[in-house]
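# An overview of the molecular structure
Residues per chain, in single letters:
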Amino acid sequence: MIHVENLTKTYGTTTVLNIPTLEIPKGQSFGLVGNNGAGKTTFFSLLLDLIQPSTGKITSNGIEISSSEAWKPFTASFIDETFLIGYLTPEEYFYFIGDLRGWNKADVDTFLSPFADFFNDEILNKKKYIRDLSKGNSKKVGVIAALMGNPEVIILDEPFANLDPTTQIRLKKIIKDLAASKEVTILVSSHDLQHTVEVSNRIVALDKGSIVKDLQTNAETMKELEAFFSKETAML
Amino acid sequence: MFNHFFTLEWKSFVRSASFSTNLFLKIVMVLGALYFIAVFTFLGIGLYYLLEKNNLDPFATVNRFLLYYVLIDLIIRFFLQKIPVLNIRPLLPLPISKNTIVGYTLGKTIVSFFNWVHLFFLMPFSFVLLSKGFSTIGVVSWSIGILALILVNNFLNILSANKEVLLYGLGFIILSISGLQYFQIIDSTLYTTSFFNILYSSPLSVLLPLLALVILSVITFMFYKRNLSLDAGLSIKQKEAQTENLTWLNQFGTLGTFLKNDIKLIKRNKRSRSTIFMSVLFIFYGLLFFSGSIETYEGPLWRIFAGLFVTGGFLFTFGQFVPSWDSAYYPLMMSQNIQYRDYLNSKWWLMVIATVCSTLLSSFYLYFGWEVYLAIVVGAIYNIGVNAHIVLWAGAYIKTPIDLSKNKNVFGDKQAFNLKSILLTIPKILLPMALYGIGHYLYGPNMGYLIVALAGVMGYAFKNKVFSIIENIYKTEKYKTLAAYKQKN
């Protein structure tokens, strides 16, 4: 589904990302872990053509991301609060995204109804604009909106950060259910090894812009990752 | 400490993405400021002799009109003086006393151009008075008194930006004073003349305006200090939100989706709401030209100028900040399933609808004759056909993020429209004026109108071409724009 070739991103003389090759097959649930500055958000921004690669290219479904826009209809994402429109109410935001993805109001309502638990009665019909929601609640809006319109690729940057424990558990279930369908390619990044291991069937660890681990998730993955990241601290 | 604040501000200015455009505009503003300094200086030197030549008692006449000098100063401040902004939140937990923060914020306003420009009038005028044998102590107390009133205005403006009651109260007072004067019911200047005379004749009276200044500055200081906490002035006021579906727009498809959003954008953010206010203001701007109240505006070229402004208020104030209005969520717009063309189209339609509405609303100009309304309609055609494109085109290069939420706290930047937006409209005005001039002076007024209207129609014919160009700019500038919008002032 997603194919990365000789991808680098350089600012001045600093290379912040360098991925010679990476293949993410359709239906994979792909977890990206790494410390701050490892290049996770840079990689996702490149996937969404929000920044320009210094060399190389990414193709999604055979479409080169930085030269065509044809990937937009089947790609959905939530990176940060700049993906939210503050002066809309959550409902209006969902309808707006729905409209853009060819869903009418009824489609959106049907889609939202199973998420009542997830929203914990703090999002819908609260007569609040998104700009007045707490960080956690606005993140919920963004993440759920990124699941709308049957996308084939879903990109979520740090979806678990700022969420309360109950919501984290619920979100993990939502992502796992989606991944189980094998129809959607999900890319999730996180600092939190545990969460990422739980929702992904493949984990890639980035360090200083390079891939240092590429693991299929199994019982040993967590140990291996922990060993890797504690070695890092030992070296310091 | 002030040194630190100063460095912070210098850095935020130099390091902002829009630095180069800022710098250009700053230069233009400096030129404008120099112009006003020159005008004030000449007035200060020459006014005495001018009044004398017209057989008026110079000092008495000046005192008579000082009331309006002060009031007009206040009005100009309402519209143009920026309320000080300092990024206060990060300073709160640092070991800086609240008094220092507030003191600096307010102190900054005192050195504003709007205050010291008056010195260029007062100083030379006082010297002339002295040379004419007026008593030194009287003249000094008179100038200090006026200066104190100017500074009172400064604080009134700051306070009224945060207290709507005060704003409306002052507006009411100004309107009633000028209304009563205009209809010759009460001439307030008679009373204020004696006040200014007393400032001169009994110098001790200067204590009165000084006292007012001290009281007002203390009030302002206390007000800011009281609001210097996260749940008071720095908090964001929350209004109860109402979900609006605007389903009638659904029939326009994708265009409708964007229009819905734009309507909410304009309705729900103070910053964008002011564009509506401006368009209404611009509709009445034409009265200055067509009512014949200002002589220099009688020339034929000014008619087309007025026609453009009367119908183009919204177009100029809103259009030039496309796509900056959407800067807060630009990454969303760039990664969602959105075609640039649809996006542009919706903004374009919004401007067209607003222009048509303004044209209909301004039909009261028919009172001044067909000729006048014709100028307005021609202006509207040119606005829709040509200026709508130019405005969007220019906007594609403007990378100043607009922080829609900023207006809502006490320390926020209240300046909804500023000198910049006025300056940027100049090129869109000169061309049609020149076109009209060619037609007018070669054949006559109707030929002038015809040429301008034709230019408008031709511009419309190029709509697709222009949109492709703008689309390309959006594409090539995309990464730069995204990076610039990331910086929130």
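Note that this is a predicted model, so its numbers are computed, not measured.

## Focus: the overall build of chain B
Counting secondary structure elements, chain B contains 21 helices and 0 strands. Across the 489 residues in chain B, those meeting the buried criterion constitute 32%. Contacts in chain B between residues at least 24 apart in sequence constitute 81% of all its contacts with a sequence separation of at least 6.

## A closer look at the overall build of chain A
Along its length, chain A carries 8 helices and 10 strands. For chain A, whose C-alpha radius of gyration is 18 Å, the value lies close to the compact-globule estimate of 18 Å for 236 residues. Looking at chain A as a whole, 48% of its 236 residues are labelled buried. Sequence separation of 24 or more characterises 64% of the internal contacts of chain A that already satisfy a separation of 6 or more.

## Details of the interface of chain A and chain B
Taken together, the 27 residues of chain A in the interface contact 25 residues of chain B. Per element, the largest residue contribution to the side of chain A that touches chain B is 5 residues, and it comes from helix α2 (residues 90-100) of chain A. When the residues that make up the side of chain A that touches chain B are grouped by side-chain class, the tally is 13 nonpolar, 5 polar and 9 charged.

## Comments concerning the nonpolar core
A:Y93, A:I154 and B:V452 are the most contacted members of the largest nonpolar core, which has 129 residues in total. Counting residues per element, this core draws most heavily on helix α17 (residues 370-395) of chain B, which supplies 13 residues. Look past the residues within four positions of B:V452 in its chain and what remains in contact with it is B:I304, B:V378, B:Y382, B:P432, B:L435 and B:Y436. Counting 22 residues, the second largest nonpolar core, distinct from the first, contains B:L149, B:L199, B:Y200 and B:V206.

## Some points on the sheet that holds strand β3 (residues 29-34) of chain A
What holds strands together in a sheet is hydrogen bonding between their backbones, with the strands either parallel or antiparallel. All names here are of chain A. In spatial order, the strands read β6-β7-β8-β3-β9-β10; together these 6 strands make up an open sheet with mixed pairing. A single partner strand is all that each edge strand has here, and the edge strands are β6 (75-78) and β10 (210-216). On average, each strand axis in the sheet is inclined to that of its neighbour by 15 degrees, with strand direction left out of account. By the bridge criterion, 6 bridges tie strand β9 (residues 202-207) to β10 in an arrangement that is antiparallel. Bridging from a neighbouring strand, L206 pairs with I211 of β10.

## Quick word on the domain arrangement of chain B
Where the parts come together, the accessible area they lose is often given as the size of the interface. On domain assignment, one finds that chain B holds domain 1 (2-226) and domain 2 (247-486). The C-alpha-based centres of domain 1 of chain B and domain 2 of chain B are spaced at 33 Å.

## Concerning the confidence of the model for chain B
The predicted model of chain B has a mean per-residue pLDDT of 83, with 89% of residues at 70 or higher. Taken as a whole, residues 407-418 of chain B scores under 50 in pLDDT and shows 35 contacts with residues more than four places along the chain or in a different chain.

## Here's the deal with the packing of α2(A) against helix α11 (residues 254-268) of chain B
The N-to-C vectors of α2(A) and α11(B) enclose an angle of 155 degrees; their axes lie 10 Å apart at closest approach. Taken as axis vectors, α2(A) and α11(B) run roughly antiparallel relative to one another. Once α2(A) is placed against α11(B), the crossing between them reads as left-handed. Along its contact with α2(A), which presents A:E92, A:F96, A:D99 and A:L100, the element α11(B) presents B:T257, B:N261 and B:K264. Classifying every residue of the contact of α2(A) with α11(B) by side-chain character gives 2 nonpolar, 2 polar and 3 charged.

## What about the packing of α17(B) against helix α21 (residues 463-486) of chain B?
All names here are of chain B. Interhelical geometry of α17 versus α21 gives an angle of 5 degrees and a closest axis separation of 10 Å. Compared by their axis directions, α17 and α21 come out roughly parallel. Along the contact surface, α17 presents H389, L392 and W393, while α21 presents K463, V466, I469 and I470. Per-class residue counts for the contact of α17 with α21 are 5 nonpolar, 1 polar and 1 charged.

## Digging into α21(B)
Residues and elements named next belong to chain B. A bend of about 65 degrees at K478 is the largest found in α21. Within α21, burial applies to I470, T481, L482 and Y485. Structurally, α21 contributes buried residues whose contacts are with α15 (330-335), α16 (340-361) and α17.

## Quick look at the pairing of strand β4 (residues 55-60) of chain A
Residues and elements named next belong to chain A. Here 5 bridges tie strand β1 (residues 2-11) to β4, and the two strands are oriented antiparallel to one another. Pairing of I2 across the sheet is with S60, part of β4. Relative to strand β5 (residues 63-64), β4 runs antiparallel, the two being bridged by 2 bridges. Paired with T59 across the bridge in β5 is E64. Taking the residues that link successive antiparallel strands as the turn, the β4-β5 hairpin has 2 residues, and the phi of N61 there is positive, at about 55 degrees.

## Concerning helix α20 (residues 445-461) of chain B
Compared with the 24 Å implied by 1.5 Å per residue over 17 residues, the 25 Å span of α20(B) between its first and last C-alpha is a close match. Among the residues of α20(B), B:G448, B:Y449, B:I451, B:V452, B:A453, B:G456 and B:G459 are the ones counted as buried.

## Focus on the sheet that holds β5(A)
With respect to topology, 4 strands assemble into an open sheet ordered β2-β1-β4-β5 (chain A), the strand pairing being antiparallel. Taken across any chain shown, the strands that pair with only one partner, and hence form the sheet edges, are β2 (14-24) and β5 of chain A.

## Regarding the environment of B:G145
Relative to the helices and strands, B:G145 is located in helix α7 (residues 136-162). When near neighbours in sequence (up to four residues on either side) are disregarded, B:G145 contacts B:L199, B:V206 and B:P209.

## A look at the environment of B:I174
All names here are of chain B. Looking at the element boundaries, I174 is found in helix α8 (residues 164-182). Sequence-wise, I174 and I75 are 99 residues apart; in three dimensions their C-alpha atoms are separated by 8.8 Å. Residues in contact with I174, not counting those within four places in the same chain, are L71 and I75.

Calculation notes
- Residues numbered from 1 in each chain as written.
- Chains lettered and ligands numbered in written order.
- Predicted model: local features only at pLDDT ≥ 70, side-chain atom pairs only at ≥ 80, totals over all residues.
- Helix = DSSP H or I, 4+ residues; strand = E, 2+ residues; numbered from the N terminus.
- Buried ≥ 20, exposed ≤ 12 C-beta atoms within 10 Å, placed from the backbone.
- Contact = placed C-beta atoms within 7 Å.
- Rg over C-alpha atoms; globule rule 2.2 N^0.38 Å.
- Nonpolar A, V, L, I, M, F, W, Y, C, P; charged D, E, K, R; others polar.
- Core = buried A, V, L, I, M, F, W, Y, C linked by C-beta atoms within 7 Å.
- Pairing = 2+ DSSP bridges.
- Axes fitted to C-alpha atoms, helices over the stretch in contact; angles between N-to-C directions.
- Domains from an automatic or database assignment.
- pLDDT = per-residue confidence, 0-100.
- Parallel < 35°, antiparallel > 145°, perpendicular 65-115°, else oblique.
- Left-handed = near helix turned anticlockwise from the far one by under 90°.
- Bend = angle between axes of the 7 residues up to and from the residue.
- Expected span 1.5 Å × (residues − 1).

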